[in-house]
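Structure assessment
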Amino acid sequence: MKDIKTKEVTTKPKTKNPASRIPKELMRTAILESKEKSQTIANARDNDMGEQSPSEYASGKVTSAEEWAARKTGRTVTRAGKTAAQTSYEKIKQRAAGKKEAEKEAEKETARGTGDTQTADPASREAQEAQIREVQIQEAQRQKVVSDAVKTKEQKIRAARETPRIQNGQEIAEMKQLSIREQSRKKEAKDTVRQTTIRQKQPETIRIKEKPRKQPEPKTIQKRTIKTAPQSAKISVQPEQKLRATSSNALTVRMQKQMERRAAKQAAKKAAMQTSNSVRRMQKTARAGRNTFKAAKAAVEAAAKTVQSMMAALGAAGAVIVLLLVIMVGIIGGAAFSGSSESNEALSQEVLSYTAVIQKYANQYGIPEYVSVIQAIMMQESGGRGTDPMQSSECPYNTRYSNSPNAIQDADYSIQVGIQYYADCLKEAGCTSPQDMDKLKLSLQGYNYGNGYITWALRNYGGYSVENALQFSNEQAASHGWSAYGDPEYVPHVLRYYSSGGLFAGLFGGNGQIVSVALTQLRNEGGQKFWSWYGFDSHVAWCACFASWCGDQAGLIESGKMPKFSLCDDGIAWFQSKGKWKSRGYSPAPGTLIFFDWNGDGTSDHVGIVEKTEGSTVYTVEGNSSNAVNQRSYDINNGTIMGYGIL
């Protein structure tokens, strides 16, 4: 470290009395020795000399602590004295201002009363002077308290100075600092006494001169002016920067060309796939069209013959019948021509025999409304034959048998594993209803390829398509070195066995679908699934929630054919407002909502879904019937029946 430069101190006294300089010289000498000692210790610490002993180190720490305590105490006392003096000054100032105003008011009153400019009577004058003297006495007492506090502190410091406790030259510095503070305090005390004396000499007018404080000069911050080039200025580029920009542009151009070539290849490949798929679809459509045309032609010819015979038999009344027949032929022909290549082929008896098992596991895994979809999957996989009808041996949930084709030897276990895996596919695809055909198709192709296809299709294409199903099959076959992978047309193959309601279900409100959904929920107890779906946090009377849930699964609420309601009277009001309400005695069709009034008070207490009507008996599926989903039957004229909501 650099040596500390100190100011050369002369030993010649500057006063005529040499004895008065002795304490100052001693203090200066002690301070210099203290600085030299501190510098020596710092140098030893920096150079790892270790010259300072533990006792010296401890002594220095104690001395530092004492210095800090002395400084802290002095500052505290100083702040307290200043605060007390300032408070006293403010109070005196306020009282003086108040007295001046009082004197002015008194002078005005006297002037108004006597009509001249003389002062108030001697009695009031003496009272005012007595009040002023009392204020001065109080102020003198406060000043005495402050002065005593300062003297007490000064005495303590003087006693401490006389005590011989100088260690390593540090105490002299402390005494010097304290003496400087004491001098400032003495000066402040003298100023206070002088001000008090001035106030005593002039009792009528109290003026306190405050020593003006030197305000710090504001710092001047030089502002730098940032020069910017005008908009028209040209940016100069160094040769190296130009070279980098040129190479970057060339690289960008090459990348763009490569991307364009790749895009062209992909577009050509996609166009080829679309062309081949279009050809296949056109061929299928042509075959279906020929068959449909033959059927439609035969239907029209039969209708024409019927019209001719009825015209001859009924004469003028035949015109109305002709009109009805034309409408029927148009509906049938339009439905035939508007349908796809899916023919809704019938399920085998083997598949139908597993309906109860399918319903059991569909309820267990939370997809009871997909029973008909699972039947179509089983029909495509095996037709319901063999010990592995769902072909689920290779599913990850098969833990009893090996994961090789047809390894499962228990049909019930095969159905359980297959339904559990298909529930995962529905969840992965985000399918929440059998009527959501786009996501339903994605889940079906995922059952065949594995649900990894679902993630891939959503990430790259947003969902299922015939084209990306074929692309995924080709990519997987190439990566594994196989000749083929899965069934790219698995979705249309399954959907030919699946019907979400059929033609007449669509024409007559989907009543059959709501009944099918309701039947899948038989023996559901407690109804938590239905009232929580509606939005309730705890158990409620849930018959209306059940009817609404079934209607939602059948797509009737979305299409506006029935309301979502939790109170029976709300449902009745909706059907009455739409003109779709029928009273007791009406013969309801399947899917009609039936409302009951157990007490006969005109308020509906219960609602169910009509399963069928045979003769004079109505068969129903009802939620919250003995706190479960159950089947019931009633006479068509039963007095508890209020009426029906027609879908």
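Report follows, based on the coordinates. Throughout this description, residue numbers start from 1 for each chain and increase along the sequence as written. Only residues with pLDDT of at least 70 are given local features in this predicted model, and only at 80 or more are side-chain atom pairs given and counted; all residues enter the totals for whole chains, interfaces and linings. Only hydrogens and water are removed before side-chain values are computed, so all heavy atoms of the structure are retained for them.

A short note on the overall build of the protein chain
Working definition: helices are DSSP H or I runs of at least four residues, strands are E runs of at least two. Numbering for both runs from the N terminus. Summing up its helical and strand segments, the protein chain has 19 helices and 6 strands in all. When a residue's accessible area, from a 1.4 Å probe over protein chains only, is under 20% of the maximum for its type it is buried; when over 50% it is exposed; and in between it is partly exposed. Across the 647 residues of the protein chain, 32% fall into the buried class. Nonlocal contacts in the protein chain, meaning residues at least 24 apart in sequence, comprise 59% of its contacts between residues at least 6 apart. Note on areas: these come from Shrake-Rupley sampling with a 1.4 Å probe, and a residue is covered only by the protein chains present in the view. Total accessible area computed for the protein chain in this model is approximately 41000 Å², and 54% of it derives from carbon and sulfur atoms. Note on contacts: a residue pair is in contact if any heavy atoms of the two residues lie within 4.5 Å.

Remarks on helix α8 (residues 355–364)
Listed as buried for α8 are Ile358, Tyr361 and Ala362. The arc that holds every buried residue of α8, seen down its axis, measures 105°, which confines them to one face. Buried residues along α8 sit against α9 (371–381) and α10 (411–429). Residue glycine 366 follows α8 closely and has a positive phi angle near 80°. The directions considered for the arc run from the helix axis to the C-beta atoms.

A few points about the sheet that holds strand β6 (residues 641–645)
Note: two strands are recorded as paired if DSSP finds a minimum of 2 bridges between them. Within the open sheet, the 6 strands sit side by side as β1-β6-β2-β3-β4-β5. Their pairing is antiparallel. Strands with a single pairing partner mark the edges of an open sheet, and in this sheet they are β1 (581–583) and β5 (630–635). Taking the axes of each pair of neighbouring strands and ignoring which way they run, one obtains an average angle of 35° across the sheet. For β1 and β6, the ladder comprises 3 bridges, and the chain directions are antiparallel. When the bridges of β6 are listed, serine 583 appears paired with glycine 643. In this analysis an axis means a line fitted to C-alpha atoms, helices contributing only their contacting stretch, and an angle means the value between N-to-C directions, from 0 to 180 degrees.

Observations regarding the packing of aromatic side chains
Each Phe, Tyr or Trp ring (for Trp, its six-membered ring) is paired with any other whose centre lies within 6.5 Å, and the angle between the two planes then decides the class: stacked below 30 degrees, edge-to-face above 60, tilted in between. A full pass over the atoms with the stated rule returns 24 aromatic pairs. Judged by centre distance (5.1 Å) and plane angle (55°), the rings of tryptophan 456 and phenylalanine 472 are tilted. Here tryptophan 456, found in helix α12 (residues 452–461), pairs with phenylalanine 472, found in helix α13 (residues 466–480); they are 16 residues apart in sequence, far enough to count as distant. The same class applies to tryptophan 456 as to phenylalanine 472, namely buried. Aromatic side chains tryptophan 533 and tyrosine 534 sit 6.2 Å apart centroid to centroid with 70° between the ring planes, which places their arrangement in the edge-to-face category. Overall, tyrosine 534 belongs to the partly exposed group, its relative accessible area being 23%.

Let's talk about the nonpolar core
By nonpolar core we mean a set of buried residues, namely Ala, Val, Leu, Ile, Met, Phe, Trp, Tyr and Cys, connected to one another through side-chain atoms within 4.5 Å. Ranked by internal contacts, the top residues of the largest apolar core, which has 49 residues, are Ile367, Ile377, Tyr422, Leu440, Leu444 and Tyr453. Of all the elements in the fold, those that place two or more residues in this core are α8, α9, α10, α11 (437–449), α12, α13 and α14 (490–495). Here this core gets 11 residues from one element, more than from any other, and that element is α10. Not counting the four nearest positions on each side in its chain, tyrosine 422 is found in contact with Ile367, Val373, Ile374, Ile377, Leu440, Ser443, Leu444 and Tyr447. Counting 30 residues, the second-largest nonpolar core is a separate cluster that includes Ala544, Trp581, Val607 and Val629.

Topic: unusual backbone geometry
Even without a glycine there, the phi angle at asparagine 406 is positive, about 60°. Given the relative accessible area of 45%, asparagine 406 is considered partly exposed. Even without a glycine there, the phi angle at serine 626 is positive, about 60°.

Regarding the pairing of strand β2 (residues 593–596)
Across the two faces of β2 the burial is the same, with Leu593 and Phe595 and Ile594 and Phe596 all buried. Relative to strand β3 (residues 606–614), β2 is paired through 4 bridges, and the arrangement is antiparallel. Opposite phenylalanine 596, over in β3, you have histidine 606 as the bridge partner. Both β2 and β6 contribute to a ladder of 4 bridges, which runs antiparallel. When the bridges of β6 are listed, isoleucine 594 appears paired with tyrosine 644.

A look at α12
Turning to α12, its buried residues number three or more, namely Tyr453, Ile454, Trp456 and Ala457. For α12, the buried positions fall inside an angular range of 165° around the axis, keeping them on one side. Looking at the buried positions of α12, the neighbouring elements they touch are α10, α11 and α13.

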